[in-house]
Amino acid sequence: MNVLGIETSCDETGIALYSTDRGLLAHALYSQIEVHREYGGVVPELASRDHVRKTLPLIDEVLAGADLGAKDVDAIAYTAGPGLVGALMVGATLARGLALGWGVPALGVHHMEGHLLAPMLEEERPEFPFVALLVSGGHTQLVRVDGIGMYKLLGESVDDAAGEAFDKAAKMLGLPYPGGPHVARLAEGGTKDRFEFPRPMVNRPGLDFSFSGLKTHTLTTIRSLEGDGELSEQDRADVARAFEEAVVSTLVIKCRRALEQENLSRLVMAGGVSANRKLRQQLANTLSKQGAEVFYPGLAFCTDNGAMIAYAGAQRLAAGQCDGPDVQVRPRWPMTDLPALTVAS
Ligand code: KG4
Ligand code: ZN
């Protein structure tokens, strides 16, 4: 079964073609970063308009890349939520229209389920059950995963998501949007142990996160350095390093705790922040000491992409799930509402 995946939930148009027999056949991504950069964040109306411009040409590009045509598409998977309502509507409307025209089924996919299953696109795939750390611009969650659609929320951020915290810290440091990769790069030149930022909520029991205090701490540190004049390049790097270390060690501590609590030894990390090198290294180091393994998507599939939507949709479509003909999106959609998939993938 060849499944066309369409991702338009935020500021990336991602298209892919996934075959349940042959794996990922082709994928293409268009990032709107340049469109939103001057505003310092995503402007929803501009995002929708850009998806309208890019989605069809990218579908053509992906089909051509796979050396296939519309007649070879057996089903369509599109992101139905969570995300920006206008942006989601572009993908959903187009997917529904194409499905009707081509006479194939279509299914609305949960964006975070897409992220969660993205490591399955790699050669070394995690077996169920596992704990998933989902770290993106909008979500920070620890989830127990017993199978596709069998999700138990173990903990989540009570305020900012980890990616959002990176983006806000970047703004304070005068770095462009989206800030995560820029903060990480700046942090590489930072001085070890010059600042020690708080590790929020690690001394409290439980698996929830909070990043807003860290944001305030970062701002206070920058302000006090500014008291001595303009921040030097070294000051900025030192702040970036302390910030990144605090986020990374908070995430690592909670992952270890989640595995212990659930008595599991596999951790899957996904979402934009899972591209962070320090986080990957420290998770691997810490968890290997307790005999646990870490899985994550390839770098191209950490941030938003069409392949993860095609893959997640393919699992459900192959099991016979599909939606009715009406166009529905869910800007807010708890992942725990998803139905369990009883047929093994
Ligand atoms: O999953 P994603 O592409 O979009 C959402 O679904 O939100 O995640 C985007 C987030 C942004 O906040 C971005 O700053 C962050 O992922 N990010 C990173 C890195 N690469 C992307 N954060 C830290 N380090 C990185 N290398
Ligand atoms: Zn995402």
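Structure: above.
Residues numbered from 1 in each chain as written. Chains lettered and ligands numbered in written order. Predicted model: local features only at pLDDT ≥ 70, side-chain atom pairs only at ≥ 80, totals over all residues. Heavy atoms only, no water.

As for the site of ligand 1
Thought 1: Near ligand 1 there are 18 residues, and of these Gly137, Asp167, Gly180, Gly272 and Asp304 occur at the shortest range.
Thought 2: Note that an oxygen atom of ligand 1 is positioned 2.6 Å from one of the side-chain N or O atoms of Asp167.
Thought 3: When the free accessible area of ligand 1 is taken as 550 Å², the share hidden by the protein chains comes to 87%.
Thought 4: The greatest single-element share of the shell around ligand 1, amounting to 3 residues, is contributed by helix 5 (residues 162-172). (Near = heavy atom within 4 Å. Polar contact = N/O pair within 3.5 Å; in protein donor to acceptor, adjacent residues only side chain to side chain. Areas by Shrake-Rupley, 256 points an atom, 1.4 Å probe, with all protein chains shown as cover. Helix = DSSP H or I, 4+ residues; strand = E, 2+ residues; numbered from the N terminus.)

Here we look at the sheet that holds strand 5 (residues 106-110)
Thought 1: Strand order in the open sheet formed by 5 strands is 3-2-1-4-5, with mixed pairing between adjacent strands. Two strands lie at the open edges of the sheet, namely strand 3 (23-31) and strand 5, each paired on one side alone. When the angles between neighbouring strand axes are averaged without regard to direction, this sheet yields 20 degrees.
Thought 2: Both strand 1 (residues 2-7) and strand 4 (residues 75-81) contribute to a ladder of 4 bridges, which runs parallel. Paired with Ile6 across the strands is Tyr78, a residue of strand 4.
Thought 3: Against the sheet, helix 2 (residues 44-65) makes contact with strand 1, strand 2 (12-19) and strand 3, and its axis sits at roughly 25 degrees relative to strand 2, the strand it touches most.
Thought 4: On top of the sheet, helix 10 (residues 306-318) reaches strand 1, strand 2, strand 3, strand 4 and strand 5; it is set at about 45 degrees to strand 2, its chief contact. (Pairing = 2+ DSSP bridges. Axes fitted to C-alpha atoms, helices over the stretch in contact; angles between N-to-C directions. Contact = heavy atoms within 4.5 Å.)

A look at the sheet that holds strand 9 (residues 266-270)
Thought 1: Overall, mixed pairing links the 5 strands, which are arranged 8-7-6-9-10 in an open sheet. Looking along the sheet, the strands with just one partner apiece sit at the ends: strand 8 (150-156) and strand 10 (293-295). Taking each pair of neighbouring strands and ignoring which way they run, the sheet shows an average axis angle of 25 degrees.
Thought 2: In this sheet, strand 8 lies alongside strand 7 (residues 140-147) in antiparallel orientation, the contact comprising 6 bridges. Bridge assignment links Gly147 to a residue of strand 8, and that residue is Met150.

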